[in-house]
Amino acid sequence: MDQFQKIDSCGLADKYYELSSADTDSFVNGAEAAAQIGMENGQEDEIRTIANYLEGEGLLKVATRVMGGFPANVRITHTGIKEIEGAISRPEQLEAAKT
């Protein structure tokens, strides 16, 4: 299991990919994406940590931050799209990361 799969085992990057329709010009609401994967109020630090990691790896760009750095609006990058599509093509590794 690689570092990407460990940090994003909750599927936040996948949700950004889905909501953006794999479009690097599309903005995704960070709170909406988190809510759609079952994250709730009180998990802001976890969401922030995941988004910071993904941004640091060049997989997404946080366009707007609020409330101490919460990722309010994000855009997936070309590299992020390639990473997600690569993970989709290796479903056995993706499932192993979630267990």
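Heads up: the structure comes first, above all this text.
Just so we're clear, the structure is a prediction, and the values are computed from it rather than from any experiment. (Residues numbered from 1 in each chain as written. Predicted model: local features only at pLDDT ≥ 70, side-chain atom pairs only at ≥ 80, totals over all residues. Heavy atoms only, no water.)

A. Up close: the side chain of Ser26. In this fold, Ser26 is placed in the loop between helix H2 (12-20) and strand E1 (28-29). Of the residues examined, Ser26 reaches a relative accessible area of 19% and is grouped as buried. The contact partners of Ser26, leaving out residues within four places of it in the chain, are Leu19, Ser20, Val74 and Arg75. (Helix = DSSP H or I, 4+ residues; strand = E, 2+ residues; numbered from the N terminus. Buried < 20%, exposed > 50% of the residue type's maximum accessible area, 1.4 Å probe, protein only. Contact = heavy atoms within 4.5 Å.)

B. Summary view of the pairing of strand E2 (residues 60-66). Direction of pairing for E2 relative to strand E3 (residues 70-76): antiparallel, over a ladder of six bridges. Pairing of Lys61 across the sheet is with Arg75, part of E3. Where E2 hands over to E3, the hairpin turn is made up of three residues, of which Met67 adopts a positive phi near 45 degrees. (Pairing = 2+ DSSP bridges.)

C. Quick look at empty space enclosed by the protein. What the rule picks out here adds up to two cavities of 30 Å³ or more. Looking at the second largest cavity, it is lined by 10 residues, and the ones nearest its centre are Ala13, Leu59, Ile76, Gly80 and Ile84. At the level of elements, H2 and helix H5 (78-88) are the ones that each hand at least two residues to the lining of the second largest cavity. With three residues, the single largest contributor to the lining of the second largest cavity is H5. Grouping the constituent residues of the lining of the second largest cavity by class yields eight nonpolar, one polar and one charged. (1 Å grid on protein atoms, 1.4 Å probe; cavity = no way out; pocket = protein on both sides within 12 Å on 5 of 7 lines; lining within 4 Å. Points joined across faces, edges and corners; volume = space filled by probe spheres on them. Nonpolar A, V, L, I, M, F, W, Y, C, P; charged D, E, K, R; others polar.)

D. Representation of the pattern of salt bridges in the model. Scanning all chains against the criterion turns up four salt bridges. One salt bridge connects Lys15 with Glu18, and the closest N-O pair in it is separated by 3.2 Å. Of this pair, Lys15 and Glu18 both sit in helix H2, three residues apart, which is roughly one turn of the helix. A salt bridge links Glu55 to Lys61; the shortest N-O distance between them is 3.6 Å. Look at Glu55 and you get partly exposed, because its relative accessible area is 22%. Taken together, the shared-partner salt bridges connect Glu55, Lys61 and Arg65 into one network. (Salt bridge = Lys/Arg side-chain N within 4 Å of Asp/Glu carboxyl O.)

E. How the structure looks around the pairing of E3. Counting buried residues along E3, five of its seven residues qualify, which places the element largely inside the surrounding structure. Pairing analysis gives two bridges linking E1 to E3, with the strands arranged antiparallel. Bridged to Val28 within E3 is Val74.

Coordinates in, geometry out; function isn't part of it.
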